[in-house]
Amino acid sequence: MKKLALHWQIIIGLVLGLLYGLLAANSGWQEFTADWIAPWGTIFINMLKMIAVPLVLISLVNGISGLKDIAQLSSMGGKTIGFYLITTVIAVTIGLLVVNVIKPGKSFSEEVRTEMVAQNEAKVKSTEEQAQAQKESGPLQFLVDMVPANIFYASGNNRNMLQVIFFALLFGIALIIAPDASKTQAVKDFFDGANEVILKMVDIIMYFAPIGVFALLGNIMVELAGEDPAAALEILKGLAIYSITVLIGLALMVFLIYPMILKFLAGFSYREFFKGIAPAQLLAFSTSSSAATLPLTMERCEEKLGVSNKVASFVLPLGATINMDGTSCYQAVAAVFIAQVYGMDLDLADQLTIVLTATLASIGSAAVPGAGIIMLAIVLGSVGVPLEGISLIFAVDRPLDMCRTVVNVTGDATVATTVAYTENELIPHPVEK
Ligand code: ASP
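Residues numbered from 1 in each chain as written. Predicted model: local features only at pLDDT ≥ 70, side-chain atom pairs only at ≥ 80, totals over all residues. Heavy atoms only, no water.

A. Helix 17 (residues 371-382), seen in detail. Burial runs high along helix 17: 10 of the 12 residues are buried. For helix 17, the set of buried residues is Ala371, Gly372, Ile373, Ile374, Met375, Leu376, Ala377, Ile378, Val379 and Leu380. Just downstream of helix 17 lies glycine 384, where phi reads positive at about 70°. (Buried < 20%, exposed > 50% of the residue type's maximum accessible area, 1.4 Å probe, protein only. Helix = DSSP H or I, 4+ residues; strand = E, 2+ residues; numbered from the N terminus.)

B. Representation of the packing of helix 15 (residues 325-341) against helix 17. Remark: helix 15 packs on helix 17, axes separated minimally by 10 Å, with the N-to-C direction vectors making an angle of 50°. Here helix 17 runs oblique to helix 15, going by the angle between their axes. As helix 15 packs across helix 17, the resulting crossing turns out to be right-handed. Residues Thr327, Tyr330, Gln331, Ala334, Ala335 and Ile338 of helix 15 form the contact with helix 17, whose participating residues are Gly372, Ile373, Met375, Leu376, Val379 and Leu380. Tallied by class, residues from the contact of helix 15 with helix 17 come to nine nonpolar, three polar and no charged. (Axes fitted to C-alpha atoms, helices over the stretch in contact; angles between N-to-C directions. Parallel < 35°, antiparallel > 145°, perpendicular 65-115°, else oblique. Left-handed = near helix turned anticlockwise from the far one by under 90°. Contact = heavy atoms within 4.5 Å. Nonpolar A, V, L, I, M, F, W, Y, C, P; charged D, E, K, R; others polar.)

C. Examining the pattern of salt bridges more closely. As enumerated under the stated definition, the model contains seven salt bridges in all. Across the pair lysine 106 and aspartate 345 runs a salt bridge whose closest N-O atoms are separated by 4.0 Å. Residue lysine 106 is located in the loop between helix 3 (70-102) and helix 4 (110-119), and its partner aspartate 345 is located in the loop between helix 15 and helix 16 (348-364); the two are separated by 239 residues in the primary sequence. According to the relative accessible area criterion, aspartate 345 is exposed, its value standing at 69%. For arginine 404, the salt bridge goes to aspartate 397, with nearest N and O atoms at 3.1 Å. Across this residue pair, the class does not change: arginine 404 and aspartate 397 are buried. (Salt bridge = Lys/Arg side-chain N within 4 Å of Asp/Glu carboxyl O.)

D. Region of interest: the environment of arginine 300. Secondary-structure assignment places arginine 300 in helix 13 (residues 290-305). According to the relative accessible area criterion, arginine 300 is buried, its value standing at 6%. Spatially, the C-alpha atom of arginine 300 lies 6.2 Å from that of glycine 276, the residues being 24 residues apart in sequence.

E. Quick peek at the packing of aromatic side chains. For the structure shown, the criterion picks out 10 aromatic pairs. Above the ring of phenylalanine 394, the side-chain terminus of lysine 123 is found at 4.9 Å from the ring centroid. Here arginine 404 stacks its cationic end above the ring of tyrosine 330, 4.0 Å away from the centre of that ring. (Phe/Tyr/Trp six-rings, centres within 6.5 Å; stacked < 30°, edge-to-face > 60°. Lys NZ or Arg CZ within 6 Å of the ring centre and 35° of its normal.)

F. Up close: the side chain of threonine 33. Looking at where threonine 33 falls in the secondary structure, it is placed in helix 2 (residues 30-65). For threonine 33, the residues in contact, after removing those within four places along its chain, are Tyr20, Ala24, Ala38, Pro39, Gly218, Asn219 and Val222.

G. Quick peek at the nonpolar core. In terms of nonpolar packing, the biggest core is built from 127 residues, with Phe44, Tyr242, Ile354, Leu376 and Ile393 touching the most fellow members. The residues touching tyrosine 242, leaving out its near neighbours within four places in the chain, are Pro104, Tyr330, Val333, Ala334, Phe337, Ile393, Val396 and Leu400. The next biggest cluster of nonpolar side chains, apart from the first, holds five residues, and it includes Tyr20, Ile37, Ala215 and Val222. (Core = buried A, V, L, I, M, F, W, Y, C linked by side-chain atoms within 4.5 Å.)

H. Highlighting a negative patch on the surface. Where like charges cluster on the molecular surface, the negative patch consists of Asp189, Asp192, Glu196 and Glu303. Looking at which element gives the most residues to the negative patch, the answer is helix 8 (residues 181-207), with three residues. Looking at the secondary structure, you find glutamate 196 in helix 8. (Patch = residues over 30% accessible without salt bridge, like charges linked within 9 Å, V, L, I, M, F, W, Y side chains within 5 Å. Areas by Shrake-Rupley, 256 points an atom, 1.4 Å probe, with all protein chains shown as cover. Lys, Arg positive; Asp, Glu negative; His and termini not counted. Charge placed at Lys NZ, Arg CZ, Asp CG, Glu CD.)

I. Region of interest: a nonpolar patch on the surface. On the surface, Val101, Ile102, Ile241, Ile244, Ile248, Leu252, Leu256, Met260, Phe264 and Leu265 cluster together into a nonpolar patch covering about 890 Å² of accessible area. Those elements that place two or more of their residues in the nonpolar patch are helix 3 and helix 11 (240-266). Broken down by element, the residue count for the nonpolar patch peaks at eight residues, all from helix 11. Residue position: isoleucine 241 is located in helix 11. By relative accessible area, isoleucine 241 is classed as partly exposed at 43%.

Read these as layout, nothing more, since geometry by itself doesn't imply function.
Now the structure itself:
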């Protein structure tokens with residue numbers, strides 16, 4: 001029997017998870033779900049995170065050791081950063097366009113605003129504290145964070161992924177320029193072999209994807225609905241126009257901007273791209289974390305889109321950490337929405353400030369669920385919009401987080417494909433039918 005394609009497996013897990021979640025929320029199975037369903041989701045995410053660090057390390061060293069020379073690395077690096085910046089600025093601009101046209105904040109009632117602000121005081125405070133901690137670090141702190149004092153401690157979270165990249169780059173460069181090639185050949189062969197093994201591990205973990213996705217979705221639904229599903233639905237309805245505005249912005253990125261980039265800059269058909277990358281998009285939706293999705297994004301880009309290991313192993317881990325188009329588009333919409341609710345008019349200078357801070361904030365956001373809303377606090381501060389305004393959007397943050405993470409991952413894959421094309425590193429590869 002032909003094996004069901006991975007994206008179908010994930011879709012089935014996703015739909016069943018949603019249905020289970022609805023049933024559980026309405027039948028009062030909160031405790032059962034927390035005890036017996038949620039752990040499978042956590043195990044799945046942990047497996048993905050577990051593989052992410054060794055994968056990046058091995059794959060990047062392997063990729064660099066295959067480079068012609070160091071010059072190729074700097075040309076690839078320059079292009080990657082350039083494309084990431086451009087796509088982020090486009091994303092913020094699209095966010096600003098849709099929110100200024102639709103004006104979702106204008107129809108928001110004053111009473112609902114006051115009520116929501118009062119309800120979420122504690123949450124606002126904790127977000128503010130986290131944002132403050134980010135802001136207080138010195139201007140060179142990001143460079144300091146990039147260099148690990150101990151590579152064995154560098155695991156898991158966002159900053160540490162950059163540390164792993166830093167170590168792997170240094171190791172890979174040393175491997176190319178080490179004088180006695182006869183001695184280093186064994187090291188190169190080791191990383192080449194280990195790369196095969198680690199990609200197989202990703203495959204094995206993916207067998208578990210339908211169950212993991214089912215558990216994640218089921219649990220999210222139950223958490224969203226809380227104790228009173230009817231009340232939760234009411235709040236969601238109140239935020240419908242805002243949510244739709246964010247979704248339109250995100251959809252424009254996925255269905256207009258990326259296809260154009262792929263077509264004009266990489267000569268790549270979007271259908272083929274979509275077929276190859278769909279499982280990673282679905283996983284991004286289920287996990288709300290580009291870091292947890294990274295192993296699958298790398299595997300799909302290499303094996304289905306034909307991006308060479310050299311390019312994928314460098315561009316994608318970097319992108320998962322610093323390139324978040326979905327997050328920056330969302331931040332632009334959210335900031336202007338809140339300003340509209342408070343009756344503030346943001347002029348052109350304010351909107352440009354949003355472009356700048358949202359771009360920087362998306363670079364600084366961790367690739368984990370909910371990171372975007374913390375950086376939003378900084379964006380709001382930059383244009384003088386009251387921070388308590390984020391109370392208005394907490395209720396829909398998780399579902400929107402799921403959607404913006406899809407865009408984050410799609411953006412990374414688009415740039416990887418484009419850089420590969422321009423570097424002559426796009427290997428023609430049949431996409432699974
Ligand atoms: N969850 C997003 C990601 O991991 C970040 C965010 O927007 O909160 O890509």
